[in-house]
Amino acid sequence: ESPLLINHLCDQIDQTRCRVIRPKNPSLAILKGALMYGQNPKKIATRISKYTYGIQCYNPFDPSKHPERLKTIIDGKEKCDKIFDKIISVGDQVMLGQVI
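A. Focus on the packing of aromatic side chains. The full count for this structure, using the stated rule, is one aromatic pair. Relative to tyrosine 53, the ring of tyrosine 51 has its centre 6.4 Å away and its plane inclined at 85 degrees; by these criteria the two rings are edge-to-face. Since its relative accessible area comes to 47%, tyrosine 51 is described here as partly exposed. The cationic tip of arginine 47 hangs over the ring face of tyrosine 37; the distance from NZ or CZ to the ring centre is 5.0 Å.

B. Just a nonpolar patch on the surface, in detail. Among the surface-exposed residues, Tyr51, Tyr53, Ile55, Ile87 and Ile100 lie close enough to one another that they form a single nonpolar patch of about 530 Å² accessible area. Counting through the fold element by element, isoleucine 100 comes out in the segment after β5 (93-95). We classify isoleucine 100 as exposed; its relative accessible area is 59%.

C. Structural context of the confidence of the model for the protein. Looking at the protein, pLDDT values average 87 and 100% of them are 70 or higher. Averaged over each element, pLDDT in the protein is lowest for helix α1 (residues 3-12) (82) and highest for strand β3 (residues 71-74) (93).

D. Main features of the pattern of salt bridges. Taken as a whole and assessed by the stated rule, the structure comprises two salt bridges. For the salt bridge of glutamate 68 with lysine 71, the shortest nitrogen-to-oxygen distance reads 2.9 Å. Judged by its relative accessible area of 31%, lysine 71 is partly exposed. Note that glutamate 78 is salt-bridged to lysine 71, the shortest N-O span being 3.4 Å. Taken together, the salt bridges that share partners define one network made up of Glu68, Lys71 and Glu78.

E. Region of interest: the side chain of serine 49. Take serine 49: it is sitting in the loop between β1 (46-48) and β2 (53-60). Beyond its immediate chain neighbours, meaning those up to four positions away, serine 49 contacts Ile88, Ser89, Val90, Gly91 and Asp92.

F. Just the environment of threonine 52, in detail. Mapping threonine 52 onto the fold places it in the loop between β1 and β2. Given a relative accessible area of 33%, threonine 52 falls into the partly exposed group. Sequence separation between threonine 52 and glycine 91 is 39 residues; the distance between their C-alpha atoms is 8.4 Å. Those residues in contact with threonine 52, other than ones at most four positions away along the chain, are Phe84, Lys86, Ile88, Ser89 and Val90. In this structure the side chain of threonine 52 is engaged in a polar contact, spanning 3.1 Å, whose partner is the backbone nitrogen of valine 90.

G. Representation of the state of the cysteines. Under the definition given, this model contains zero disulfides. In this structure cysteine 57 is not part of a disulfide, and its nearest cysteine sulfur, from cysteine 80, lies 8.8 Å away. Its relative accessible area of 15% is what places cysteine 57 among the buried residues.

Reading guide: rules and limits
- Residues numbered from 1 in each chain as written.
- Predicted model: local features only at pLDDT ≥ 70, side-chain atom pairs only at ≥ 80, totals over all residues.
- Heavy atoms only, no water.
- Phe/Tyr/Trp six-rings, centres within 6.5 Å; stacked < 30°, edge-to-face > 60°.
- Buried < 20%, exposed > 50% of the residue type's maximum accessible area, 1.4 Å probe, protein only.
- Lys NZ or Arg CZ within 6 Å of the ring centre and 35° of its normal.
- Patch = residues over 30% accessible without salt bridge, like charges linked within 9 Å, V, L, I, M, F, W, Y side chains within 5 Å.
- Areas by Shrake-Rupley, 256 points an atom, 1.4 Å probe, with all protein chains shown as cover.
- Salt bridge = Lys/Arg side-chain N within 4 Å of Asp/Glu carboxyl O.
- Helix = DSSP H or I, 4+ residues; strand = E, 2+ residues; numbered from the N terminus.
- pLDDT = per-residue confidence, 0-100.
- Contact = heavy atoms within 4.5 Å.
- Polar contact = N/O pair within 3.5 Å; in protein donor to acceptor, adjacent residues only side chain to side chain.
- Disulfide = S-S within 2.5 Å.

Now the structure itself:
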C-alpha cells in the first residue's frame, strides 16, 4: 500500500520487460485470502518456501571436494563435518501435506 515502496519498485524495474501490478486494496486482498484459507485450507494447494531448510550431516570425507579443516574421525572413518544437506530451497514449491 505504500506509495513510496511502489515508486521505488517502479524506479528499480525495467518496465519495458516487467510491470508492477498491485490490487486496489492490498490489505483487503490479504484478509480475504486468510479468510478463504481459514474456511477451507485445501484452497491453497501449494506454498512457495520462504527459507531453505536442511540438516547438518557427516558425509564421507573427500579431499577433492572438502577442505582439510572440516575432516573429522567418527568410528574410525574420515567424515566431513558441518555439511548442510538441503531438503527444501528458497523458492521451492511445496504441496499441501507433502512428506519430505
